Structures are given as structure tokens and as C-alpha cells.
Amino acid sequence: MRRPTLRTYAVSATALAALLLPAPAAGAGTAQSTAAAATVIEKVPYAMDSSNQAAWWTPVATYKGRGQYTYFAFNEPGSTAATHRPAVARRDPDGVWSLLPLLDSDGQRAEFPDDNGHNQPSVARDGSGRLHVFTSMHADTWRYFRTEAPGGAVTDHASELPDQGTGITYPVVTTAPNGDLYLAARVGTGSDQRPGRLYRWDDAGSRWSVVATFAGAPDRSVYPDDITVDASGRVHLLYEWAKAPATAFRHQLSYLAYDPATGSFTDSTGTAVTTPLTPATSDVVQDLTPGEEWSTDNAYTGPAVQSAKLTLDGSTPKVAHRYRSADSGGHFRVYYAYPSGSGWVRKTVYAGGQTSAALGITWDGTDGKRIYYVTASGTDRVFSATQSADGAWTARSAAPGVSADRLAVRQDSDGHDVLYLPDTAHNSLYYGFR
């Protein structure tokens, strides 16, 4: 196991502090500031494959032991230009990195074909210290790897999952306060419909089970976006709908909560709902707008959703999403949404140009919501936006001098944001901390 020492990439904390100057709101026609939002940026000391890019994934996990540990699931280059080898890069509290490769049942490195936007890994750590990785599935049967004990090898355990022989896509996973895991994924390969299913890892019993098919409807496919669990153990889900079988552009971004204590599902008002939900019965965050069509044409230019992420203020969901409206000039703008009354309120965060399918959102005791997004061009492309009391949005560079073009964010147990920053043009992955 390789254990490189810490390599700090970004400028010093003193220099960064000098950059923390007020910036204008990131609205239409407003310039963004390169003033830094992150206090530490490091280059992860392992080569990253250019296929390491997605919008839906959950590639970051953290754990508080003798200090904060960080786990980055990512694709390393494979044996050919069209393949990759999934791995986990672990950062210890002292800043030392370790590489944990995913191993097949024969002990060899797992290797899969590249498939941008699909064949990327998600990771979580259970309450017993075992790492779980789901990777490289685009309507493929389970590709699931985990450790037997803390610090062990990450090996093939695909046979432990329910729904054997079923095609799986878009696995998103998170850890509950009691150490259990919850996983949401799209299941099936049918051309008529592809529903979303929720699974649970029982940490004490070391087994997976199906909770429910949470959403599904004829002529529709479900796209999981994010999953998280609040302090009371309630599971919160975010997902999109698309015309079956599949498309790059989706609609009716939706929210759902599940309470393991009662086995019930509810919407954002706390009203009980019956699963599987349909587009007509879902708690829709971003509804259809004029000119929006259900289409499987990947050249479709009309209104659509593309990527969304979820955080919690206590048990209240807060959502960041990208939406292309009829009046946006073809750009996917960034929005913030939260429940209010019987519906959702949406606010524009960034409308100054095209964005990439990459988002993050966390909740901070001082800043409130922090929304991370990636612009389609520029030297600095990753920005963090916060909102002042008067409603104005301020955006600062989250990775000054780093040409990252993808993004994932998780908040650790100390309330710090951990940024996962792929630079696919230079086959590099960066760790950010603020």
C-alpha cells in the first residue's frame, strides 16, 4: 500500500485570507470573483482517469476517529485508453494518503470499460468501519466491493446484494447515524420503464435488503440524484424523471423521505405517500415549464433538469439543481429550492453563463446554504455561492488556479466542507477543505 506524504497545492492560508474580498452576486451578466472560498487544496497523489466524471455520484465519505478521515472513490487509468480501474484514495488526519484498489475475486485489480456519466464509483463507510463501493454499472449487474474489516482489502462482494441478475445504474449511497447504509439506484433495463429502488445495509447483521421500489411509472425512467439521512434516522431522497428508456435531459425533479422507524414514506410537508410514486404523485421540486417536452432525443434543446444535490437544515431539505428554461438561451442555470407551505420556493443562484453537470450543497451554521457549481469555461471554474440577508448571492472561486471541471461535496462531522475536484483535462484529482 502506497502512503505518500501530504502535498499542498494551493496558496497558503495567509494568502488565501487576503483573497477573501467581497464579490458581486452571480446572477445574469454579473462577473464572478476569483477570491478563494476554500482554505486548503491538495492534489491527490494518484493518476486519475479522464472517465472520472459524473453528476449523480456520491464519491466522498468522511469519518471522525482520532481525526477526520476522507475517502475519495475514483477511476484510475486502466490497461488501455478505453478502460479504468476503480480505487479509493484515503486521507488520514495527518495528511497521509493511501491507495486502496478494488480487487476482483481472483485478487486482480478490477477493470471496466469507460462510460462517462455512468461508470463512476460511489462510496460509504458503515458503523463498523467497513468501506462499501458501488462502481461502473450502466444497466450492468451489481459491481459491489467492500472491506471485511477496517483497513482491509476492498474485494468483490456483488453476490451479497438482492436483485441478482438485474441491471443497475446510478447508485448513490450514504451512512445513517446508527451505522447502517442506504442506497438508491435505478433498476432494470426495460424499454418501457426503469424504476428507482431503495436498499438498506444492516450494519449489525451485515446484510443488504430491499426497502422499497420508491418510484416508477409506465414510459418513465427514474434518475437518482442524491441521498442523505438526518439525525433521527429519516432518509431523504432526490430524483428526476425521464421518458423511458433513457435520455440526457430529465424533468420533474422530486423529493421523498423515508422513516425506518415506521416504514412510511412522506413528502416535504410530512404527508404520507404511497410508493412507488409516479410523476403525478411525486413531491415535485422543479415542475414542467412552458415548452417542456418528454423526449428521448439527446439533441433536445427545450426546458429540462440536469443534475441536483441535497442537504439538510436539521430535517428540512435544501436543494441545488440545474435547470434549462425556455428563456435561458440554452444555458443550464443554477437554482436553490426549499419547501414552503404546500410547495417549493426556487431562487436563482447563477444565470451568468453555461454550467457543467456538477453541483454540491451544504448547510453551514454561519453561511446557511453553500451552493457549489461549475462553469463551462474559464480558468477558475468551481465556485461557491452564499446568500446574504438581503437575498443577494455572492460567489467565490472554490479552487483558485485549479482547472477542475467536475465536483462533489460532502460535509464532515466537524461541519467542514470536503471538496472532490476532478480535472479531467489533466487526469488529476484535488482535495479541497474549508
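Going by the structure above, here's the rest.
Reading the values: the criteria
- In this convention, every chain numbers its residues from 1, walking through the sequence in written order.
- Thresholds applied to this predicted model are a pLDDT of at least 70 for local features of residues and 80 or more for the giving and counting of side-chain atom pairs; totals over whole chains, interfaces and linings are not thresholded and use all residues.
- The side-chain quantities take in all heavy atoms of the structure and omit both hydrogens and water.
- Comment: elements are numbered from the N terminus, with helices defined as DSSP H or I runs of at least four residues and strands as E runs of at least two.
- For the radius of gyration, the atoms used are the C-alpha atoms, and the globule rule reads 2.2 Å times the number of residues raised to 0.38.
- Burial here depends on accessible area, computed with a 1.4 Å probe over protein chains only, as a share of the maximum for the residue type. Under 20% is buried, over 50% is exposed, and the range in between is partly exposed.
- Two residues qualify as a contact provided that any one of their heavy atoms is within 4.5 Å of a heavy atom in the partner residue.
- As used in this structure description, the phrase polar contact means that two N or O atoms lie within 3.5 Å; if the pair is within protein, one of them must be able to donate a hydrogen and the other to accept it, and residues adjacent in sequence are counted only when both atoms belong to side chains.
- At least two bridges found by DSSP between two strands are what make those strands a pair.
- Structural elements are reduced to axes, namely lines fitted to C-alpha atoms, with helices fitted over the stretch in contact, and the angle between N-to-C directions of any two is expressed from 0 to 180 degrees.
- Here, nonpolar core means buried Ala, Val, Leu, Ile, Met, Phe, Trp, Tyr and Cys residues that are tied together by side-chain atoms lying within 4.5 Å of each other.
- Any carboxyl oxygen of Asp or Glu that lies within 4 Å of a side-chain nitrogen of Lys or Arg is treated as forming a salt bridge with it.
- Two rings belonging to Phe, Tyr or Trp (six-membered ring only in the last case) form a pair when the distance between their centres is within 6.5 Å. Interplanar angles under 30 degrees mark stacking, angles over 60 mark edge-to-face geometry, and anything in between is tilted.

Undergrad: Please explain the overall build of the chain as it appears in this structure.
TA: Scanning the chain from terminus to terminus reveals one helix and 33 strands. Over its C-alpha atoms the chain spans a radius of gyration of 20 Å, differing by no more than 12% from the 22 Å that the globule rule assigns to 434 residues. Sorting the 434 residues of the chain into buried and exposed places 58% on the buried side. In the chain, once contacts between residues fewer than 6 apart in sequence are set aside, the share between residues at least 24 apart is 55%.

Undergrad: Explain the environment of asparagine 52 here, please?
TA: By the element assignment, asparagine 52 lies in the loop between strand E2 (40–43) and strand E3 (60–64). A relative accessible area of 0% means that asparagine 52 is categorised as buried. Those residues within four positions of asparagine 52 in sequence are excluded, and the remaining contacts are Trp57, Ala73, Phe74, Asn75, Gln120, Pro121, Tyr420, Pro422 and Thr424. Within the local environment of asparagine 52, its side chain forms a polar contact with the backbone nitrogen of asparagine 75, the two atoms lying 3.0 Å apart.

Undergrad: So what exactly am I meant to see when it comes to the sheet that holds strand E16 (residues 207–215) here?
TA: As a general point, the strands of a sheet are linked pairwise by backbone hydrogen bonds and lie either parallel or antiparallel. With antiparallel pairing, five strands are arranged side by side in an open sheet as E10-E13-E14-E15-E16. This sheet does not close on itself; its edge strands, each paired only once, are strand E10 (138–140) and E16. With direction set aside, neighbouring strand axes in the sheet form an average angle of 40°.

Undergrad: Any chance you could explain the nonpolar core here in plain terms?
TA: Soluble globular proteins tend to bury their nonpolar side chains together. Membership of the largest hydrophobic core comes to 41 residues, with the highest contact counts inside it found for Phe72, Phe74 and Phe214. Per element, the largest residue contribution to this core is five residues, and it comes from strand E18 (residues 235–243). Those residues in contact with phenylalanine 214 that lie beyond four places of it in its chain are Ala184, Gly196, Arg197, Leu198, Val222, Leu237, Tyr239, Leu256, Phe265, Thr275, Pro276 and Leu277. Judged by nonpolar contacts, the second largest core, of 16 residues, contains Ala124, Trp142, Ala158 and Val173.

Undergrad: Explain the sheet that holds strand E33 (residues 428–433) here, please?
TA: If you trace the four strands from one edge of the open sheet to the other, you get E2-E33-E32-E31, paired in antiparallel fashion. With partners counted over all chains shown, the strands left at the sheet margins are E2 and strand E31 (408–411), one partner each. Between one strand axis and the next, the sheet turns by 20° as a mean value, whatever way the strands run. Sheet analysis places strand E32 (residues 417–423) next to E33, joined by six bridges and oriented antiparallel. From the neighbouring strand, tyrosine 420 faces E33, where its bridge partner is tyrosine 431.

Undergrad: What is the right way to look at the pairing of strand E5 (residues 83–91) in this model?
TA: Along any regular strand the residues' side chains alternate between the sheet's two faces. Burial of E5 is extensive: eight of the nine residues sit out of reach of the surface. Here strand E4 (residues 68–77) runs beside E5; their pairing, made up of eight bridges, is antiparallel. Each bridged residue has a counterpart across the sheet, and for threonine 70 the counterpart in E5 is arginine 91. In sequence, E4 turns back onto E5 through a hairpin of five residues. The pairing of E5 with strand E7 (residues 112–113) spans two bridges and is classified as antiparallel.

Undergrad: Help me understand unusual backbone geometry in this model?
TA: Outside of glycine, negative phi angles account for most residues, and trans bonds account for most peptide bonds. The residue after alanine 244, namely proline 245, is reached through a cis peptide bond having omega 5°. With an omega dihedral of 0°, the bond running from threonine 275 to proline 276 counts as a cis peptide bond. Turning to its location among the elements, proline 276 is positioned in the loop between strand E21 (272–273) and strand E22 (283–286). Even without being a glycine, alanine 139 presents a positive backbone phi close to 60°. Take alanine 139: it is sitting in strand E10. The phi angle at aspartate 163 is positive, at roughly 60°, despite the residue not being glycine. With respect to the helices and strands, aspartate 163 occurs in the loop between strand E12 (154–156) and strand E13 (168–175).

Undergrad: Explain the pairing of strand E23 (residues 304–313) here, please?
TA: Counting buried residues in E23 gives nine out of 10 residues, a clear majority hidden from the surface. As judged from the eight bridges shared by E23 and strand E24 (residues 316–324), these two strands associate in the antiparallel manner. In the strand pairing of E24, alanine 308 is matched with histidine 321.

Undergrad: Please explain the pattern of salt bridges as it appears in this structure.
TA: Close approach of charged atoms lets side chains of opposite charge pair. Using the criterion set out here, one finds 22 salt bridges in the structure. One salt bridge connects aspartate 126 with arginine 130, and the closest N-O pair in it is separated by 2.9 Å. Accessibility classification places aspartate 126 together with arginine 130 in one group, the buried group. Two residues, arginine 197 and aspartate 163, come together in a salt bridge whose shortest N-O distance is 2.9 Å. In this pair, arginine 197 is assigned in strand E15 (residues 196–202) and aspartate 163 in the loop between E12 and E13, connecting sequence segments 34 residues apart.

Undergrad: Would you mind going over the packing of aromatic side chains with me for this structure?
TA: The description of an aromatic ring pair rests on the distance of the ring centres and on the angle between the ring planes. Applying the stated rule across the entire model yields 26 aromatic pairs. Judged by centre distance (5.4 Å) and plane angle (65°), the rings of phenylalanine 214 and tyrosine 239 are edge-to-face. Of this pair, phenylalanine 214 sits in strand E16 while tyrosine 239 sits in strand E18; the two residues are 25 residues apart in sequence, bridging distant segments of the chain. The exposure classification of phenylalanine 214 matches that of tyrosine 239, with both residues buried. What links up through ring pairs into an aromatic cluster is the set Trp57, Phe72, Trp97, Tyr420, Tyr431 and Phe433.

Shape is all these values report; function is a separate question.
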